[in-house]
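Inside the fold
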Amino acid sequence: MSKITLAHGSGGRLTQELIENIFFKHLGNKFLNKNDDSAILPKEVANIAFTTDSFVIKPFFFPGGDIGKLSICGTVNDLAVNGATPKYIGCGFILEEGLDMEDLVKIVESMAHWAKVAGVDIVCGDTKVVEKNSADSIFINTSGIGFLRDGLDLGIGNISVGDRIIVTGNIADHGIALLSKREVFDFESESLSDCAPLNHMLTALTDSVKGIRFMRDATRGGVATTLNEIAKHNNFGIMVEEERVPVSDSARSACELLGLDPMYIANEGKVLIVIDKKSEARALAVLRNNEYGKNAASIGEITQDNPNMVCLRTPLGTTRILGMLTSDPIPRIC
Amino acid sequence: MLKFIDEYRDKGLCMDIAEKIRAISKRKIKIMEVCGGHTMAIRKNGIHKIIGENIKLISGPGCPVCVTSIEDIDSILALSRIKGLVICTFGDIFNVPGTKGATLAKQRAQGADVRIVYSAKDVVEFAGSERDKNFVFISIGFETTAPTAAAAILQAAEEDLNNFYILSLNKTMPQALKAILEDNRADIDGLICPGHVSTIAGIDMYNFIVDKLRIPCSVTGFEPTDILTSIYILTELVEKNQAKLVNAYKRAVRKHGNEKALSIMDRVFKASDTQWRGLGNIPGSGLLLKDEYLRFDVLHTFKVDKVASIPENECICGDILRGAKIPSECRLFRNICTPSNPRGACMVSSEGSCAAAYRYGD
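Attention here is on the structure that accompanies the text. Small disclaimer: the values here were computed from a predicted structure and weren't measured.

1. Here's the deal with the overall build of chain B
For chain B, the helix and strand inventory stands at 16 helices and 11 strands. In summary, chain B has a C-alpha radius of gyration of 21 Å against a globular reference of 21 Å for 362 residues, a match within 12%. Here chain B, with 362 residues, has 54% of them falling under the buried criterion. A separation threshold of at least 6 residues defines the contact pool for chain B, and within that pool the share at least 24 residues apart is 78%.

2. Quick look at the overall build of chain A
What chain A contains, in helices and strands, is 8 helices and 13 strands. Taking 20 Å as the expected radius of gyration for a compact globule of 334 residues, we find that chain A reaches 21 Å, a close match to that expectation. Taken over 334 residues, chain A has a buried fraction of 45%. Contacts spanning at least 24 positions in sequence make up 85% of the contacts within chain A whose residues lie at least 6 apart.

3. Brief notes about the interface of chain B and chain A
Residue-level contacts link 34 residues of chain B with 21 residues of chain A. Only helix H1 (2-6), helix H2 (11-24), helix H3 (36-45) and helix H16 (353-360) of chain B provide two or more residues apiece to the side of chain B that touches chain A. Classifying every residue of the side of chain B that touches chain A by side-chain character gives 14 nonpolar, 12 polar and 8 charged.

4. Things to note about the sheet that holds strand S2 (residues 55-59) of chain B
Residues and elements named next belong to chain B. The strand order S2-S1-S7-S8-S9 describes an open sheet built from 5 strands, whose pairing is parallel. This sheet does not close on itself; its edge strands, each paired only once, are S2 and strand S9 (245-247). Each adjacent strand pair in this sheet contributes to an overall mean axis angle of 20 degrees, direction not counted. The sheet contact formed by strand S1 (residues 29-33) and S2 spans 5 bridges and is parallel. The partner of Ile31 across the bridge, within S2, is Leu57.

5. Quick notes on the sheet that holds strand S3 (residues 85-89) of chain B
The strands making up a sheet are joined through hydrogen bonds of the backbone, oriented either antiparallel or parallel. Residue and element names in this part refer to chain B. In spatial order, the strands read S4-S3-S5-S6; together these 4 strands make up an open sheet with parallel pairing. Edge strands, defined here as strands with exactly one partner in the open sheet, are strand S4 (114-116) and strand S6 (164-168). Looking at each pair of strands side by side, their axes are set apart by 25 degrees on average, direction ignored. Note that S3 and S4 share 3 bridges and pair parallel. In the strand pairing of S4, Ile87 is matched with Val114. In the packing of helix H6 (residues 120-129) onto the sheet, contacts are made with S3, strand S5 (134-139) and S6, and the angle to S5 comes to roughly 175 degrees.

6. Some words on the packing of helix H7 (residues 146-158) of chain B against helix H12 (residues 259-268) of chain B
Residues and elements named next belong to chain B. The geometry of H7 relative to H12 is characterised by a closest axis approach of 8 Å and an angle of 60 degrees between their N-to-C directions. In terms of their interaxial angle, H7 and H12 are classed as oblique. Regarding H7 and H12, the two cross each other, and that crossing is left-handed. In this structure, H7 uses Ala146, Pro147, Ala150, Ala151, Ile153 and Leu154 to contact H12, whose residues at the interface are Ala261, Ile264, Met265, Arg267 and Val268.

7. Remarks on the environment of A:Ser279
All names here are of chain A. Tracing the backbone through its elements, the reader meets Ser279 in the loop between strand S10 (271-275) and helix H8 (280-288). A C-alpha to C-alpha distance of 20 Å links Ser279 and Asp217, two positions 62 residues apart in sequence. Beyond its immediate chain neighbours, meaning those up to four positions away, Ser279 contacts Val209, Lys210 and Gly211.

8. Considerations on the packing of helix H2 (residues 67-80) of chain A against helix H3 (residues 101-118) of chain A
Residues and elements named next belong to chain A. One way to put it is that H2 packs onto H3 with a least axis distance of 7 Å and a crossing angle of 30 degrees. Taken together, the axes of H2 and H3 are roughly parallel relative to one another. As H2 runs across H3, the sense of the crossing is right-handed. Together, Ile67, Gly68, Lys69, Ser71, Ile72, Cys73 and Val76 of H2 and Ile107, Val108, Ser110, Met111, Trp114, Ala115 and Ala118 of H3 make up the contact between the two elements. The residue inventory of the contact of H2 with H3, partitioned by class, reads 10 nonpolar, 3 polar and 1 charged.

9. What about the pairing of S5(B)?
All names here are of chain B. Of all 6 residues that make up S5, 5 are buried, and the element is covered over most of its length. Two strands pair when backbone bridges link them, and S3 and S5 are joined in this way by 4 bridges, in the parallel orientation. Note that in S5 the partner of Val86 across the bridge is Phe135. Where S5 lies against S6, 5 bridges are found, and the strand directions are parallel.

10. What to know about the nonpolar core
B:Val123, B:Val136, B:Phe137 and B:Ile138 are the most contacted members of the largest nonpolar core, which has 121 residues in total. The biggest single contributor to this core is helix H11 (residues 224-239) of chain B, with 8 residues. Every residue in contact with B:Ile138, bar those within four places of it in the chain, is listed here: B:Ile76, B:Ile87, B:Cys88, B:Thr89, B:Ile93, B:Leu167 and B:Leu169. The next biggest cluster of nonpolar side chains, apart from the first, holds 93 residues, and it includes A:Phe23, A:Tyr88, A:Ile94 and A:Ile166.

11. Brief notes about unusual backbone geometry
It is generally the case that most residues other than glycine have a negative phi and that most peptide bonds are trans. Residue and element names in this part refer to chain A. The omega angle of the peptide bond from Lys58 to Pro59 is -5 degrees, so this bond is cis rather than trans. By secondary structure assignment, the location of Pro59 is in the loop between strand S1 (48-55) and strand S2 (61-62). Phi at Asn133 is positive, roughly 75 degrees, even though this residue is not glycine. For Asn133, the position within the fold is in the loop between strand S5 (121-130) and strand S6 (138-148). What makes Asn133 exposed here is the crowd of 9 C-beta atoms within 10 Å. The backbone of Ala172 sits at a positive phi, close to 80 degrees, despite the residue not being glycine. With respect to the element layout, Ala172 can be found in the loop between strand S7 (164-167) and helix H4 (173-179).

Reading guide: rules and limits
- Residues numbered from 1 in each chain as written.
- Chains lettered and ligands numbered in written order.
- Predicted model: local features only at pLDDT ≥ 70, side-chain atom pairs only at ≥ 80, totals over all residues.
- Helix = DSSP H or I, 4+ residues; strand = E, 2+ residues; numbered from the N terminus.
- Rg over C-alpha atoms; globule rule 2.2 N^0.38 Å.
- Buried ≥ 20, exposed ≤ 12 C-beta atoms within 10 Å, placed from the backbone.
- Contact = placed C-beta atoms within 7 Å.
- Nonpolar A, V, L, I, M, F, W, Y, C, P; charged D, E, K, R; others polar.
- Pairing = 2+ DSSP bridges.
- Axes fitted to C-alpha atoms, helices over the stretch in contact; angles between N-to-C directions.
- Parallel < 35°, antiparallel > 145°, perpendicular 65-115°, else oblique.
- Left-handed = near helix turned anticlockwise from the far one by under 90°.
- Core = buried A, V, L, I, M, F, W, Y, C linked by C-beta atoms within 7 Å.

What follows is the structure in structure tokens.
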């Protein structure tokens, strides 16, 4: 099996072959194919949303996805939650000497597939190869440009007391799918990563439902951490009903076994939406009509009480604080 | 699996038991739990908030990481500075600060090979496949985890591994319970006995608490109905002035425990004196390797430079572990000592009293 060597990053013949036979072949489009130093993109009237994200996931193939899929969906979702329509992606690869060429091809094919699904073009890119042990197989950075849709006014500042909080589906699947494949744990789990491009679903939502105040994807640190980010900037509190938070049986079983709280486990395809109470039912209906939103649920509300804090009502009716994630979720020892 | 959990979380049943507890509870009593799993389950479900004003639940030394002395943490850190010796540990110990705030996490950042494992068996596998390195398993835990460490030693002996070691910081529960309960400062009326420890060690070890100290005991599982049931049993016994031992976790705990696990432990370990954070030296409460397995004791082969261990000045983890104080009485709690900047062991371990109080509120 052929491997990535330092020569693939030297700028010489092997670099050219890598670019042409893998990147252009799978990702090519009218912008990329010009092979200029920068991509020249057509003028648009709308305001621009611009974001960047780096992906260093281990293992880079995991149940429900791979680093390529993640690098497209992550950036697409960051644009989409701000009410932008994602259009263009730039990507940088850092490859470790010795990476299997076949793996790279699979990753790039996956990027091509998910870019197509999301409706974005990969318009520029860069590749560097580093010596063995200077990186962990493959790191990808993607930057994205999107155009803000008219009539949307999203921001934490728009949130007010009484607004409802929706999560777009089952939480914790991504983190559990990953943990189940880490060598130290290696347990059987049916959980698949929820990694998915959410832009079409969110466009459908914002096009048809008024009263959306704010959206954020609940990635690292899970739903609890994102809720805390929302609460900390404002003079209101958040009350979450634990029983209403959707968690799949497989993720819940794994969390029970490992002593983890699903509220703190990473997601890659779930958004928290703060919305006017009047629009809640309509929003749920629109979301549930989409394959990535079929388990959407209303999980809590913005409260006057407990400003800057997230509280959780347990199934026993008691309340407790739901704090920020403070360190990596590591299973307990007994 | 979830079916078996959900049965024990039934909301209606929980509320019924809580109501019954409130109905029979006539005077102020203190019930202690001595297992980190119980501490977390109580806080997570808010059980302490539905049992009425009279019953105060306090946490004892139930988290093995919390009761590990600062001297032992410093020994672990000293081991991590030995070239070619790989430290393998449960995740909880990774961020526990030793003297001057040193941690395994910081040691790893400086190049030490520190691996987080889920079982001692993983370390035997590392040792088998990476023969050019030495591996030490930091063996921390009560009766629940000691048998797995013992099994790993037996496996290493069978495979004749000469690069596998353990640092035995294992502790056993009965002597520690005796030390706390005989210490009047905690003033305990009832004891929620640890479910997992009892699964291994059986329940006879609690007889002296009932017979000599006249404190009722209930062996308890980890789901809300388990804990509420035990609180009900203990409250009723206290109200009737009866000291009895009740096994309320019959689905897992047998009178004589897990005899197979106990016999493996007995083959490998012998009782020794050991230092507990907050409780000091407790005779016969530690586990050391027996002479025929001494070659697997890391301290037998590697020399560790002793440092003068300095505990955090104002930390009151010791009093908290004895049940004499609660986390919010500590000046450092929440302001200076947080899970991301822990000053004492009760905040570091995910099942420590301070971490539970920080995470779930008082």
